[in-house]
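What follows is each chain in one-letter form.
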Amino acid sequence: MTGVNKAFIGELIAECVAVFIIIVFGDSVAAMYSLYDPSPYKLAYWGVCIVWGLGVTIAIYVTGAVSGTHANPAVTLALACFRGFSWKKVIPYWGAQVLGGFLGAIIVYTLFSPVIDHYAAIHQMDRLHDGAGAGVFFTHPGDFITPMHAFVDEIILTAMLLLGIFAVTCEYNTQAPQANSGALIIGFLVAAIGASAGYLEGWAINPARDFGPRLFCYFAGWGSSALPSPANYWWVPIAGPLIGGVIGGAFYQGLLKPFMPSLNKARASDTAHD
């Protein structure tokens, strides 16, 4: 195995582990929120958002040195479009990210399966027909939200995510957090999106976060409740974030980055040396 191949395999492992970490924390707090009565989070929804955000932060600290921790197909696509990430790596990264979501869901199911069964029993629901406990693992439209409205929501929310990520990681943005504190800010960004709009449709903003666990649930007894899901919803948290991520990245690259003073100084210095 050549050094290049070994490094690439390491990147794929890191991406898988990153999404795995996010799902283990995130879906577990979703289980705590939705399966228990009284729920420790029903009157403290911000806590759910913080746990999701901290899951992202921890994933970045664990895997960032290996792959840069995209941990999201929308991030990978935006980086390929605007930050020079290799297009040859996009599909493999996506596969690793979805696998991480699938494996993370296995761990959450291992932890909470008795609670899921109890929840289904007391509410006289089943997985296949009623989707009992499905909200632990994947997203669905909230009250008054249609699938097409959710599609628009996901585009907007993921655009905001990528706008923030591009700003935090821009080398010319002198207001961005320095050194490793960027991981914490990105985690807070995820939490802020969830706290401000999470009830719309569960703030997927990440195709792997939704599709990996959804795929697991398809094989774990939820069947058509997971795929294709009611109203054929499964594609919304995939397509919406992919489109939104590109829009958010384009917004930053096209409308903000060109006016960064440090970038213009660097260009002026290069011109002077020429």
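Parameters at a glance
Residues numbered from 1 in each chain as written. Predicted model: local features only at pLDDT ≥ 70, side-chain atom pairs only at ≥ 80, totals over all residues. Heavy atoms only, no water. Core = buried A, V, L, I, M, F, W, Y, C linked by side-chain atoms within 4.5 Å. Buried < 20%, exposed > 50% of the residue type's maximum accessible area, 1.4 Å probe, protein only. Helix = DSSP H or I, 4+ residues; strand = E, 2+ residues; numbered from the N terminus. Contact = heavy atoms within 4.5 Å. Expected span 1.5 Å × (residues − 1). Bend = angle between axes of the 7 residues up to and from the residue. Polar contact = N/O pair within 3.5 Å; in protein donor to acceptor, adjacent residues only side chain to side chain. UniProt positions renumbered as here; feature names shortened; annotations may be inferred. Lys, Arg positive; Asp, Glu negative; His and termini not counted. Salt bridge = Lys/Arg side-chain N within 4 Å of Asp/Glu carboxyl O. Patch = residues over 30% accessible without salt bridge, like charges linked within 9 Å, V, L, I, M, F, W, Y side chains within 5 Å. Areas by Shrake-Rupley, 256 points an atom, 1.4 Å probe, with all protein chains shown as cover. Axes fitted to C-alpha atoms, helices over the stretch in contact; angles between N-to-C directions. Parallel < 35°, antiparallel > 145°, perpendicular 65-115°, else oblique. Left-handed = near helix turned anticlockwise from the far one by under 90°. Nonpolar A, V, L, I, M, F, W, Y, C, P; charged D, E, K, R; others polar.

A. Geometry of the nonpolar core. Membership of the largest hydrophobic core comes to 42 residues, with the highest contact counts inside it found for Trp52, Leu161, Trp203 and Tyr252. Of all the elements in the fold, those that place two or more residues in this core are helix H1 (3-35), helix H2 (45-67), helix H3 (73-82), helix H4 (90-122), helix H6 (147-168) and helix H7 (182-201). Ranked by residues supplied to this core, first place goes to H6 with eight residues. The contacts of Trp203, once residues within four sequence positions are left out, are Tyr45, Cys49, Trp52, Glu154, Val190, Ile193, Gly194 and Gly198. Residues Phe112, Val115, Phe137 and Cys217 belong to the second largest nonpolar core, which totals 17 residues.

B. Looking closely at helix H8 (residues 207-222). Between its terminal C-alpha atoms H8 stretches only 19 Å, short of the 22 Å expected from 16 residues at 1.5 Å a residue. In the structure, H8 departs most strongly from a straight axis at Phe216, where the bend amounts to approximately 25 degrees. Considered for burial, the residues of H8 that qualify are Pro207, Ala208, Arg209, Asp210, Gly212, Pro213, Arg214, Phe216, Cys217, Ala220 and Trp222. Regarding H8, its N-cap is Asn206, as a side-chain oxygen of that residue lies 3.0 Å from the backbone nitrogen of Ala208 further along. Taken from the residues just after H8, Gly223 is the one with a positive phi, measuring 50 degrees.

C. The UniProt feature "transmembrane region" (unreviewed entry) in the chain, seen in detail. With numbering matched to this structure, UniProt assigns "transmembrane region" (unreviewed entry) to residues 12-36, 43-64, 93-112, 150-170, 182-200 and 233-255. Summarising residues 12-36: 96% helix, 0% strand, and an end-to-end C-alpha distance of 36 Å. Secondary structure content for residues 233-255 is 87% helix and 0% strand, and the end C-alpha separation is 33 Å.

D. Fine view of the side chain of Glu15. Turning to its location among the elements, Glu15 is positioned in helix H1. There is no salt bridge for the buried Glu15, and the closest opposite charge comes from Lys89, which lies 10 Å off by N-O distance. Within the local environment of Glu15, its side chain forms a polar contact with the side chain of Ser67, the two groups lying 2.6 Å apart. The contact partners of Glu15, leaving out residues within four places of it in the chain, are Ser67, Thr69, His70, Ala71, Asn72, Tyr93, Ala96 and Gln97.

E. Here's a closer look at the pattern of salt bridges. On inspection of all chains with the given rule, the structure shows four salt bridges. Across the salt bridge formed by Asp27 and Arg209, the nearest N and O atoms sit 3.9 Å from each other. Pair noted here: Asp27 is in helix H1 and Arg209 is in helix H8, with a separation of 182 residues, a long-range link. Here Asp27 matches Arg209 in class, with each residue buried. Between Asp210 and Arg214 there is a salt bridge, with the nearest N and O atoms lying 2.8 Å from each other. Here Asp210 and its partner Arg214 are both found in helix H8, four residues apart, which amounts to about one turn of the helix. Owing to a relative accessible area of 0%, Arg214 belongs among the buried residues under this scheme.

F. Spotlight on a nonpolar patch on the surface. A cluster of nonpolar side chains, namely Ile9, Ile13, Val17, Phe25, Leu54, Ile58, Tyr61, Val62, Leu184, Ile185 and Phe188, defines an oily patch on the protein surface of about 910 Å² accessible area. Breaking the nonpolar patch down by element, the ones donating at least two residues are H1, H2 and H7. Position of Tyr61 among the secondary structure elements: in helix H2.

G. Local environment of helix H9 (residues 236-256). Relative to the 30 Å expected for 21 residues at 1.5 Å per residue, H9 spans 29 Å between its end C-alpha atoms, a close match to the ideal helical length. Among the residues of H9, those classed as buried are Val236, Pro237, Gly240, Pro241, Leu242, Gly244, Gly245, Gly248, Gly249, Tyr252 and Gln253. Turning to H9, the residues buried within the fold contact H3, H4, H6 and H8.

H. Representation of the packing of H8 against H9 in the model. Put simply, H8 and H9 touch, their axes get as near as 8 Å, and they point 165 degrees apart. Judged by the inter-axis angle, H8 sits roughly antiparallel to H9. Considering only the axes of H8 and H9, their crossing is left-handed. Taking contact as the criterion, the partners of Pro207, Asp210, Phe211 and Arg214 in H8 are, on H9, Pro237, Ile238, Pro241 and Leu242. Of the residues assigned to the contact of H8 with H9, the class counts are six nonpolar, no polar and two charged.

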